[in-house]
Amino acid sequence: FTQTTSSFPFLAPSGSYSQSSYGGNGANRFGDAFFSVLNPNGSLKYSSYLGGQSGDEGFALASLRRGLGNNIFTGGNTRSSNFPIPSGQSNLLYVNNLLGNANDTYKDGYIASFDKDLSLKWSTYIGGGSHIAGNGEDEILSASCHELNVYFIGNTNSSDFKPVRDFSNIFNGGVNDGFILKFQMEGTPLSIKKQLTNNEKGFLVYPVPAQDFLILDLDKRFGNEIEFLNLFNFCGKQIENVNFDEQNSKLNLENLENGFYLLSIKIKGNSEISRVKFVINK
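## Section: the packing of aromatic side chains
The geometry of an aromatic ring pair comes down to the distance between the two centres and the angle between the two planes. Within this structure, the stated rule accounts for 12 aromatic pairs. Each ring, one from Tyr17 and one from Phe114, has its centre 6.1 Å from the other, and the planes form 70°; the classification is edge-to-face. Taken together, the positions of Tyr17 in the segment before β1 (33–38) and Phe114 in strand β5 (residues 108–114) put the pair 97 residues apart, joining distant regions of the chain. The class of Phe114 is buried, set by a relative accessible area of 0%. In this structure an aromatic cluster arises from ring pairing among Phe8, Tyr22, Phe34 and Tyr49. Here the guanidinium or amino end of Lys250 rests over the ring plane of Phe213, the centre of that ring lying 4.8 Å away.

Laid out in structure tokens, this is it:
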């Protein structure tokens with residue numbers, strides 16, 4: 001984070017997220033998070049404040065590899081009730097547009113996602129209220145990407161930490177509990193995933209749009225043996241001689257043209273045939 005108010009090296013090309021004014025003048029603590037990108041030769045490509053009217057600190061940075069969306073993710077903590085959050089985020093699987101503590105004293109974590117042009121795609125508060133006096137201390141400390149999954153690690157002393165799911169929903173005491181968050185990039189043109197029930201097998205395909213290959217990530221809870229796999233073009237014509245590397249779960253698309261395709265797959269032991277659409281854009 002920075003406390004520089006006048007000589008900060010601001011540089012935001014057209015179309016990128018732009019916050020040229022320092023905002024971190026909270027009553028108790030102050031400072032803005034910032035986000036900077038360098039060119040391969042070390043020159044400054046992009047640099048901007050990222051924060052609201054109170055204290056904001058950035059700790060985490062991660063990015064999806066090229067071909068999977070080129071998203072960049074940052075995280076940290078904020079005491080600002082006006083942290084920059086784009087409108088129209090209701091389509092996200094998880095969205096929290098309200099700061100848990102509307103004053104300068106306590107903090108929520110934040111996550112912000114930028115696209116390849118460094119515009120702000122979405123952002124959200126992460127946190128809840130504390131086990132003491134209804135105030136919380138939540139923050140994101142690190143981030144990592146693997147394929148289409150983004151993982152965040154942080155700590156909290158909030159007894160009602162909002163995103164808790166599956167592993168533990170109990171605040172176990174001490175000064176803080178750690179937490180881990182997993183975001184799957186649904187809601188963007190990256191992946192298609194079937195909902196799973198006890199009688200249904202599911203799989204994930206990526207990257208979408210695809211170029212020279214498509215990965216099939218089969219749900220390991222039900223095994224991963226494919227009984228048959230068929231590929232059809234937009235006109236419904238089956239594409240013969242599809243090269244599928246079962247060991248690496250990779251479908252070779254090098255010889256196919258741009259367009260929409262339908263993948264039909266049946267997993268052994270499943271009575272249903274699953275179908276998924278995807279697009280090739282080389």
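Once the structure has been displayed, the description carries forward.
## Describing a nonpolar patch on the surface
Taken together, Leu11, Leu38 and Leu44 make up a surface patch of nonpolar side chains, about 240 Å² in accessible area. The topology assignment puts Leu44 in strand β2 (residues 44–50).

## A closer look at the sheet that holds strand β4 (residues 72–78)
Overall, antiparallel pairing links the four strands, which are arranged β3-β4-β5-β6 in an open sheet. Only two strands of the sheet have a single neighbouring strand rather than two, namely β3 (56–63) and β6 (120–126). Adjacent strand axes in the sheet meet at a mean angle of 20°, parallel and antiparallel pairs treated alike. Two elements, β3 and β4, share seven bridges in a ladder whose sense is antiparallel. From the neighbouring strand, Ala62 faces β4, where its bridge partner is Phe73.

## Observations regarding the environment of Thr5
With respect to the helices, strands and loops of the structure, Thr5 is situated in the segment before β1. Once the C-alpha coordinates of Thr5 and Gly31 are considered, the two residues, 26 residues apart in sequence, prove to be 9.0 Å apart. Sequence-distant contacts of Thr5, that is, excluding residues within four places in its chain, are made with Tyr22 and Tyr49.

## Quick notes on the sheet that holds strand β13 (residues 226–233)
Read from one edge of the open sheet, three strands run β13-β16-β17, paired in antiparallel fashion. For this open sheet the edge positions go to β13 and β17 (274–280), each flanked by a neighbour on one side alone. On average, each strand axis in the sheet is tilted by 20° relative to the strand beside it, whichever way the strands run.

## A word on unusual backbone geometry
One non-glycine residue with positive phi stands out, namely Leu118, at about 65°. Tracing the backbone shows Leu118 in the loop between β5 and β6.

## Brief notes about the pairing of β1
Alternating residues of β1 divide into Ala33, Phe35 and Val37, all buried, and Phe34, Ser36 and Leu38, none buried. Bridge count between β1 and β2: six bridges; the pairing is antiparallel. Pairing of Ala33 across the sheet is with Leu50, part of β2. What sits between the antiparallel neighbours β1 and β2 is a turn of five residues, in which Gly42 has the positive phi angle 95°.

## Some details on the confidence of the model for the protein
Here the protein averages 77 in pLDDT, while 71% of its residues score no lower than 70. By mean pLDDT, strand β10 (residues 192–193) is the weakest element of the protein at 32, and β2 is the strongest at 94. Per-residue pLDDT stays below 50 along residues 186–201; that stretch engages in 50 contacts with residues further than four places along the chain or on separate chains.

## With respect to the pattern of salt bridges
Inspection of every chain in the model, using the stated rule, returns four salt bridges. Note that Asp117 and Lys116 form a salt bridge whose closest N and O atoms lie 3.7 Å from each other. We classify Asp117 as partly exposed; its relative accessible area is 46%. Classification of Lys116 by relative accessible area gives exposed; the value is 55%. Lys266 serves as the salt-bridge partner of Glu227, at 3.0 Å between the closest nitrogen and oxygen. Of the two residues, Glu227 is situated in strand β13 and Lys266 in strand β16 (residues 259–267); the sequence distance between them amounts to 39 residues. Exposure remark for Lys266: the relative accessible area of 15% places this residue in the buried category. A network of salt bridges, in which partner residues are shared, links Lys107, Glu137 and Glu139.

## Regarding the nonpolar core
Residues Leu214, Leu216, Leu231, Leu251, Leu253, Leu263 and Phe278 are the most contacted members of the largest nonpolar core, which totals 18 residues. Listed by contribution, the elements that provide at least two residues to this core are β12 (213–218), β13, β16 and β17. Grouped together as the second largest cluster of nonpolar side chains are 15 residues, Ala60, Leu64, Ile111 and Ile126 included.

Rules behind the numbers
- Numbers given to residues run from 1 along each chain, matching the order in which its sequence is written.
- Residues qualify for local features only when their pLDDT is at least 70, as the model is predicted, and side-chain atom pairs are given and counted only at 80 or more; totals for whole chains, interfaces and linings, by contrast, use all residues.
- Computation of side-chain values: all heavy atoms of the structure, hydrogens and water removed.
- Stacked, tilted and edge-to-face pairs are distinguished by plane angle, under 30 degrees for stacked and over 60 for edge-to-face with tilted covering the rest, among Phe, Tyr and Trp rings (Trp via its six-membered ring) whose centres lie within 6.5 Å.
- Helix and strand definitions follow DSSP, with helices as H or I runs of at least four residues and strands as E runs of at least two, each counted in order from the N terminus.
- When accessible area is computed with a 1.4 Å probe and restricted to protein chains, residues below 20% of their type maximum are described as buried, those above 50% as exposed, and intermediate ones as partly exposed.
- A positively charged side chain is recorded as over a ring if its NZ (Lys) or CZ (Arg) lies within 6 Å of the ring centre. The angle to the ring normal must also be within 35 degrees.
- What makes a patch is a set of residues exposed beyond 30% relative accessible area and free of salt bridges, joined within 9 Å when like-charged and within 5 Å when nonpolar (Val, Leu, Ile, Met, Phe, Trp, Tyr).
- Areas reported as accessible are Shrake-Rupley estimates using a 1.4 Å probe. Residue values count occlusion only from the protein chains shown.
- A pair is scored as a salt bridge if a Lys or Arg side-chain nitrogen falls within 4 Å of a carboxyl oxygen belonging to Asp or Glu.
- Strand pairing is defined by DSSP finding a minimum of two bridges between the two strands.
- Angles run from 0 to 180 degrees between N-to-C directions of axes, and those axes are lines fitted to C-alpha atoms, restricted for helices to the stretch in contact.
- The contact rule is simple, with two residues in contact once any of their heavy atoms fall within 4.5 Å.
- The predictor attaches a confidence to each residue, and that confidence, scored 0 to 100, is pLDDT.
- Buried Ala, Val, Leu, Ile, Met, Phe, Trp, Tyr and Cys residues that are joined via side-chain atoms within 4.5 Å together make up what is termed a nonpolar core.

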